[in-house]
Amino acid sequence: MLCEIFWPDMEEKYAKMNLQSTVHMLRAFLGKDVVAFENGNYCFDPLGLIEFDADRCENSIQLSRSTNDTAKRKSFLMNAISLYKGDFMVENLYEDWTIQFREYYRDLYVEALIDLAQIFIDENALTECIETLKIALNNDPFNETATLLLMRAYLKKGCVSEAVRAYRRLSDILSKELQIKPSREIEQLYEAIIKGDLENRWIVVVESKQCSSKKELIVQKLKRVIREDDQVQVLSDDKIGVLISGVAEEVANSIYQRIEDVLDGTIDGIKVYLRRAR
């Protein structure tokens, strides 16, 4: 099997010679116990003696996803990103067996960059957020999550023209390479920029005498249907609001309708209505 993977076009006897030579070199460089042979099979590092940057990178990303502590998440993500030194085994770029690993680790890296950028934008560290997302998009130009976050970071910084350029870069590459349009959420943000709707602010009010006692249930359901940028606020004992910014009235109405639908039947006597925010 190993011979077929690494030397598929070579005669079997020469492929076996290559395999034996490779195993000998590995044992010489890394130690005789690193490659074991048992029952006709080779096993690499059976005792777990070797540590890989790729494993450490992946482990840091997993740790970042297992904690709600922002400082720890940030530290784990920055560590993972520092461990990524470029595409996996780029010297064997056209070997079939390396492709899935290369794509897997690149995707992990881009996800870590986006997660870190989200922390930066939450901290209002907009320059760091933007630079991080540029790296993500250099590695994955088709990434819509990164582009959407980049547009929001530019808008938050007051760089409207840069947000438009970010949209157009994505739109052009998706159209040219895949013949598709960006996601509806990206399209809506772009339309809001072009129409000058960014200053529009709306609030969906959820009113019930049980809002206080059922707050966690209501908020949980709201988060299923609202956007990441929408803010849930407790207005009073009997009112919970969802603040919506930067969208036209038809989009605000669409969000309002989703909220009304998801809360239907949750609490007796509940009222949901949309109005402009002051």
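Quick caveat, the model's predicted, so the values are computed rather than measured.

1. Some points on the sheet that holds strand E5 (residues 239-245)
Strand order across the open sheet formed by four strands is E4-E5-E3-E6, with antiparallel pairing between neighbours. What marks the edges here is a single partner per strand, and that holds for strand E4 (231-236) and strand E6 (271-276). Mean inter-strand twist for the sheet, computed between neighbouring axes without regard to direction, equals 25 degrees. Of the strand pairs in this sheet, E4 and E5 are connected by five bridges, and their pairing is antiparallel.

2. Remarks on helix H4 (residues 70-83)
Given 3.6 residues per turn, any residue in an α-helix points the same way as the ones three and four places further on. Between its first and last C-alpha, H4 extends 20 Å over 14 residues, near the 20 Å set by a 1.5 Å rise per residue. Listed in full, the buried residues belonging to H4 are Leu 77, Ala 80, Ile 81 and Leu 83. All buried residues of H4 project into a common sector of 160 degrees when viewed along the axis, lining one side. Residue Asp 69 occupies the N-cap position of H4, its side-chain oxygen lying 3.0 Å from the main-chain nitrogen of Ala 71.

3. Topic: the pattern of salt bridges
Taken as a whole and assessed by the stated rule, the structure comprises eight salt bridges. In this structure, Arg 65 engages Asp 115 in a salt bridge whose closest nitrogen and oxygen atoms are separated by 4.0 Å. You can see Arg 65 sitting in the loop between helix H3 (53-64) and H4 and its partner Asp 115 sitting in helix H5 (residues 96-122), a full 50 residues away along the chain. Here Glu 162 and Arg 165 are joined by a salt bridge, their closest N and O atoms 2.7 Å apart. In this pair, Glu 162 and Arg 165 are both assigned in helix H8 (residues 160-178), three residues apart and thus about one turn of the helix distant. We classify Arg 165 as partly exposed; its relative accessible area is 41%. Salt bridges sharing partners connect three or more residues here, namely Arg 65, Glu 111 and Asp 115.

4. Points about the nonpolar core
Nonpolar side chains in soluble globular proteins tend to be buried together. In terms of nonpolar packing, the biggest core is built from 44 residues, with Ile 114, Cys 129, Leu 133, Leu 150, Met 151 and Ile 193 touching the most fellow members. Of all elements in the fold, only H3, H4, H5, helix H6 (126-139), helix H7 (144-157), H8 and helix H9 (184-195) reach the threshold of two or more residues within this core. Among the elements that line this core, the one with the most residues is H5, at 12 residues. For Met 151, the residues in contact, after removing those within four places along its chain, are Ala 163, Ala 166, Tyr 167, Ile 186, Leu 189, Tyr 190 and Ile 193. Counting residues in hydrophobic clusters, the runner-up holds 21 residues, among them Ile 240, Val 247, Val 251 and Tyr 256.

5. Description of unusual backbone geometry
Within the chain, Asn 124 stands out as a residue other than glycine whose phi angle is a positive 65 degrees. You can see Asn 124 is positioned in the loop between H5 and H6. With a phi close to 55 degrees, Gln 179 is a non-glycine residue in the positive phi region. One can find Gln 179 in the loop between H8 and H9. Given the relative accessible area of 61%, Gln 179 is considered exposed.

Cut-offs applied
- Residues numbered from 1 in each chain as written.
- Predicted model: local features only at pLDDT ≥ 70, side-chain atom pairs only at ≥ 80, totals over all residues.
- Heavy atoms only, no water.
- Pairing = 2+ DSSP bridges.
- Helix = DSSP H or I, 4+ residues; strand = E, 2+ residues; numbered from the N terminus.
- Axes fitted to C-alpha atoms, helices over the stretch in contact; angles between N-to-C directions.
- Expected span 1.5 Å × (residues − 1).
- Buried < 20%, exposed > 50% of the residue type's maximum accessible area, 1.4 Å probe, protein only.
- Arc of directions from axis to C-beta.
- Polar contact = N/O pair within 3.5 Å; in protein donor to acceptor, adjacent residues only side chain to side chain.
- Salt bridge = Lys/Arg side-chain N within 4 Å of Asp/Glu carboxyl O.
- Core = buried A, V, L, I, M, F, W, Y, C linked by side-chain atoms within 4.5 Å.
- Contact = heavy atoms within 4.5 Å.

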